[in-house]
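Observations on the model geometry
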Amino acid sequence: MKVILMGPPGAGKGTQARQIAEKYRIPQLSTGDMLRAAVKAGTPVGLKAKSAMESGSLVTDDIVVGIIADRTQEADCKNGYLLDGFPRTLAQAEALDTMLAQRKQAIDKVIDIRCDDEPLVGRITGRRTCSQCGEGYHLQFKPTKKSGVCDKCGGSLTQRADDNEATVRSRLAVYHQQTAPLIDYYRKQGNFSSVDGMQGMDQVLASLCAILG
Ligand code: AP5
Ligand code: MG
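Reading the values: rules and limits
Per chain, residues are indexed from 1 in the order of the written sequence. For this description, chains carry letters from A and ligands carry numbers from 1, given in the order in which they are written. With the structure being a predicted model, the display of local features is reserved for residues of pLDDT at least 70 and the display and counting of side-chain atom pairs for 80 or more, all residues being used for whole-chain, interface and lining totals. To get the side-chain values, all heavy atoms of the structure are used, and hydrogens and water are removed first. The way it works is that DSSP assigns letters per residue, a run of H or I at least four long becomes a helix, a run of E at least two long becomes a strand, and they are numbered from the N terminus. Working definition: with a 1.4 Å probe on protein chains only, accessible area under 20% of the residue-type maximum means buried, over 50% means exposed, and in between means partly exposed. When two rings of Phe, Tyr or Trp (its six-membered ring) have centres within 6.5 Å they constitute a pair, described as stacked for plane angles under 30 degrees, edge-to-face for angles over 60, and tilted for the intermediate range. Whether a charge lies above a ring is judged from NZ of Lys or CZ of Arg, which has to be within 6 Å of the ring centre and within 35 degrees of the ring normal. Paired strands are those between which DSSP finds at least two bridges. We call two residues in contact when some of their heavy atoms are within 4.5 Å. Working convention: axes come from line fits to C-alpha atoms, limited for helices to the stretch in contact. Angles between N-to-C directions cover 0 to 180 degrees.

Quick word on unusual backbone geometry
Residue Pro87 is reached from Phe86 by a cis peptide bond, and omega for that bond is 0°. Within the secondary structure, Pro87 is located in the loop between β3 (81-84) and α5 (90-102). Of note, the phi angle at Arg25 is positive, near 55°, even though the residue is not glycine. Note on placement: Arg25 falls in the loop between α1 (13-24) and β2 (28-30). Note on Arg25: relative accessible area 75%, which makes it exposed. A positive phi angle is found at Lys104, which is not glycine, with a value near 55°. Judged by its relative accessible area of 77%, Lys104 falls in the exposed class.

Right, here's the structure in full:
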């Protein structure tokens, strides 16, 4: 099963992808997570990606396409994967189609998590992530039992460098300009669905699972 999870920043791609990956036993491939790891490790890719990520603009297509081309060849992707945050431009979507056609493979489902812009600003600025296990939280919508400490592993919570209001607004603008057109691209391919991302997290998960079967 190869699935693309789309949606604006803060739509809940990461939140849902973690749970779907666990339930369906396929890896979650988040280009955002992979790029953040590269920035942290100071790799050549990380050095190239850092300033674009901090300003809320997109990293170049060749970098992310290269990351996905390599990652999807790894052993754990044999039975499928869930793409979170990729593709994000028409060029990335076309490169993915070409890559899969060469491998005689195809995407099974593309699901868009639909959201209104304004509530996403609050979701992003209130987001916290465990520095150890990566579990996601929200100060208001999914608080930890003990302030600043992960419920799952006891790790300390961190806030992403790009999770401030100014950057979120540019990420939303970039989304509408460069990523939203992919909805039409995939609708024409016939494997596209969407879910209402303004529901509670559990309802969004139920809607996604109803589509995935
Ligand atoms: P990336 O990491 O992909 O960020 P994003 O697309 O901006 O999306 P987010 O991760 O911010 O949101 P999410 O949808 O995962 O929401 P989450 O589940 O965490 O990309 C970061 C940067 O990397 C980009 O700006 C770009 O520079 C670069 N990049 C990455 N991929 C790229 C690509 N393909 N091409 C080029 N550049 C690329 O939820 C958010 C918060 O809301 C959480 O606190 C959560 O608890 C809460 N929440 C979730 N669902 C709900 C709900 N239903 N109700 C209430 N709260 C909720
Ligand atoms: Mg995410």
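Overview of the packing of aromatic side chains
Aromatic ring pairs are defined here through the distance separating the ring centres and the angle between the ring planes. In total, this model carries one aromatic pair according to the counting rule given. Residues Tyr185 and Tyr186 carry aromatic rings whose centres are separated by 5.0 Å and whose planes lie at 90° to one another, so their mutual orientation is edge-to-face. With relative accessibility at 18%, the residue Tyr185 sits in the buried group. Positioned over the ring face of Tyr137 is Lys142, at 5.2 Å from the centre of the ring.

Digging into the sheet that holds strand β6 (residues 136-138)
Spatially, β6-β5-β7 is the arrangement adopted by the three strands of the open sheet, whose pairing is antiparallel. Only two strands of the sheet have a single neighbouring strand rather than two, namely β6 and β7 (157-158). Pairing of strand β5 (residues 127-130) with β6 involves three bridges; the strand directions are antiparallel. Paired with Arg127 across the bridge in β6 is His138. Along the sheet face, helix α6 (residues 117-125) touches β5 and β6 and points at about 35° away from the line of β5.

Details of the side chain of Thr89
Tracing the chain through its elements places Thr89 in the loop between β3 and α5. Ignoring anything within four residues of it in the chain, the contact list for Thr89 reads Leu58, Asp61, Gln178 and Leu182.

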